[in-house]
Amino acid sequence: NAGVTQTPKFQVLKTGQSMTLQCAQDMNHNSMYWYRQDPGMGLRLIYYSASEGTTDKGEVPNGYNVSRLNKREFSLRLESAAPSQTSVYFCASSGLDRAAKNIQYFGAGTRLSVL
Amino acid sequence: EDQVTQSPEALRLQEGESSSLNCSYTVSGLRGLFWYRQDPGKGPEFLFTLYSAGEEKEKERLKATLTKKESFLHITAPKPEDSATYLCAVRARGNNDMRFGAGTRLTVKP
């Protein structure tokens with residue numbers, strides 16, 4: 001069982017370049033999330049999708065866009081990358097049924113550097 | 001605003017030396033407090049969920065407890081393989097997301 005898969009694992013961009021981070025889950029979860037993790041600041045929510053067809057802003061959405069392509073896939077796009085977006089990005093998913101208890105399961109992360 | 005504060009930031013223990021990690025939180029209507037373990041270069045891995053004050057959960061050398069204001073992660077007789085960053089997160093009533101603390105980086109020396 002793959003769980004949550006993120007691609008790419010590493011990326012280096014120049015300021016102003018664009019890119020899309022991909023995330024796919026095979027657990028039939030309804031909800032998906034994008035976080036960024038910076039030293040000393042913990043995980044901060046960028047965007048989330050409670051179900052297919054819906055997306056909502058999190059704590060730090062500026063400079064990002066998301067697309068819930070289908071139930072399995074949730075992508076994060078940086079239209080014009082800035083050095084402040086250098087971070088480690090994590091995708092997560094969770095189910096809504098009582099058994100799943102809203103536990104979020106995380107991918108291995110994408111390490112992004114913007115020069 | 002929901003807040004989560006973890007202490008200490010870093011903790012170094014000798015193998016077998018028991019200790020506790022703290023997670024203090026302020027949230028309007030707790031819907032769950034979550035503990036995760038994160039190894040270097042990897043994503044967080046779920047450990048426990050606690051829902052109400054007085055609740056306790058155990059897994060091997062780890063035991064999580066919850067009060068109305070804080071949670072503790074007790075580590076009994078730790079081993080070097082317990083070295084990791086431990087993250088605490090809370091979910092508030094009416095919210096679909098979680099608020100994370102900055103984590104405690106635990107190092108266990110043999």
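Here, every reference points to the structure presented above.
Residues numbered from 1 in each chain as written. Chains lettered and ligands numbered in written order. Predicted model: local features only at pLDDT ≥ 70, side-chain atom pairs only at ≥ 80, totals over all residues. Heavy atoms only, no water.

Undergrad: Sorry, what's going on with the overall build of chain A here?
TA: The number of helices and strands found in chain A is 0 helices and 11 strands. The N-to-C order of helical and strand elements in chain A reads β-β-β-β-β-β-β-β-β-β-β. Against the 2.2 N^0.38 benchmark of 13 Å for 115 residues, chain A shows a C-alpha radius of gyration of 14 Å, consistent with a compact globule. For chain A, the proportion of its 115 residues judged to be buried stands at 49%. Looking at chain A alone, contacts between residues at least 24 apart form 55% of all its contacts between residues at least 6 apart. When the accessible surface of chain A is summed, it comes to about 5400 Å², and 50% of that surface belongs to carbon and sulfur atoms. (Helix = DSSP H or I, 4+ residues; strand = E, 2+ residues; numbered from the N terminus. Rg over C-alpha atoms; globule rule 2.2 N^0.38 Å. Buried < 20%, exposed > 50% of the residue type's maximum accessible area, 1.4 Å probe, protein only. Contact = heavy atoms within 4.5 Å. Areas by Shrake-Rupley, 256 points an atom, 1.4 Å probe, with all protein chains shown as cover.)

Undergrad: Just to check I follow, could you spell out the packing of aromatic side chains for this structure?
TA: Any aromatic ring pair is given by two values, namely how distant the centres are and how the planes are angled relative to each other. For the coordinates displayed, the defined rule picks out 9 aromatic pairs over all chains. With centroids separated by 6.1 Å and ring planes inclined at 80°, the aromatic side chains of Phe106 of chain A and Phe100 of chain B adopt a geometry described as edge-to-face. Taken together, the residues Phe106 of chain A in strand 10 (residues 105-106) and Phe100 of chain B in strand 10 (residues 99-100) connect one chain to another. Residue classification places Phe100 of chain B among the buried residues on the basis of a relative accessible area of 4%. Here a set of aromatic residues connected by ring pairs shows up, and it is made of Tyr33, Tyr35, Tyr48 and Phe106 of chain A together with Tyr36, Phe46 and Phe100 of chain B. (Phe/Tyr/Trp six-rings, centres within 6.5 Å; stacked < 30°, edge-to-face > 60°.)

Undergrad: What should I look at first to understand the nonpolar core in this one?
TA: Soluble globular proteins: nonpolar side chains tend toward being buried together. The biggest cluster of nonpolar side chains holds 25 residues, and the ones touching the most others in it are Leu33, Trp35, Leu73 and Tyr86 of chain B. Of all the elements, strand 9 (residues 84-92) of chain B adds the most residues to this core, at 5 residues. Leaving out residues up to four positions away in the same chain, Tyr86 of chain B has contacts with Gln6, Leu21, Trp35, Tyr36, Arg37, Leu47, Leu62, Leu73, Gly103, Thr104 and Leu106 of chain B. By size, the runner-up hydrophobic cluster in this structure holds 20 residues, among which are Cys23, Val60, Cys91 and Val114 of chain A. (Core = buried A, V, L, I, M, F, W, Y, C linked by side-chain atoms within 4.5 Å.)

Undergrad: Can you walk me through the side chain of Asp2 of chain B in this structure?
TA: Residues and elements named next belong to chain B. Assignment of secondary structure puts Asp2 in the segment before strand 1 (3-7). The charged side chain of Asp2 is buried without a salt bridge, its nearest counter-charge being Arg99 at 5.8 Å. Apart from the residues within four sequence positions on either side, Asp2 is in contact with Thr26, Val27, Ser28, Ala92, Asn95 and Arg99. (Lys, Arg positive; Asp, Glu negative; His and termini not counted. Salt bridge = Lys/Arg side-chain N within 4 Å of Asp/Glu carboxyl O.)

Undergrad: What's the story with the interface of chain A and chain B in this structure? I'm lost.
TA: How big an interface is tends to be stated in terms of the accessible area lost upon association of its parts. Each side of the interface is counted separately: chain A has 21 residues, and chain B has 20 residues. At the junction of chain A and chain B, the tally comes to 1 salt bridge. Salt-bridge contacts for Arg99 of chain B lead to Glu59 of chain A; the nearest nitrogen and oxygen are separated by 3.9 Å. Counting across the interface, chain A meets chain B through 3 residue pairs in polar contact (both at pLDDT 80 or more). Among the secondary structure elements, those contributing two or more residues to the side of chain A that touches chain B are strand 4 (31-38) and strand 5 (42-49) of chain A. Split by residue class, the side of chain A that touches chain B holds 11 nonpolar, 7 polar and 3 charged. (Polar contact = N/O pair within 3.5 Å; in protein donor to acceptor, adjacent residues only side chain to side chain. Nonpolar A, V, L, I, M, F, W, Y, C, P; charged D, E, K, R; others polar.)

Undergrad: Looking at this structure, how should I read the sheet that holds strand 8 (residues 74-78) of chain A?
TA: Sheets are built from strands paired through backbone hydrogen bonds, the pairs being either parallel or antiparallel. Residues and elements named next belong to chain A. Strand order in this open sheet of 4 strands is 1-3-8-7, and the pairing throughout is antiparallel. In this open sheet, the two strands that pair with only one neighbour each are strand 1 (4-7) and strand 7 (65-68). Averaged over neighbouring strand pairs, the angle between their axes works out to 15° when direction is ignored. As paired strands, strand 1 and strand 3 (residues 19-25) are joined by 4 bridges and run antiparallel to one another. Bridge pairing links Thr5 to Ala24 in strand 3. (Pairing = 2+ DSSP bridges. Axes fitted to C-alpha atoms, helices over the stretch in contact; angles between N-to-C directions.)

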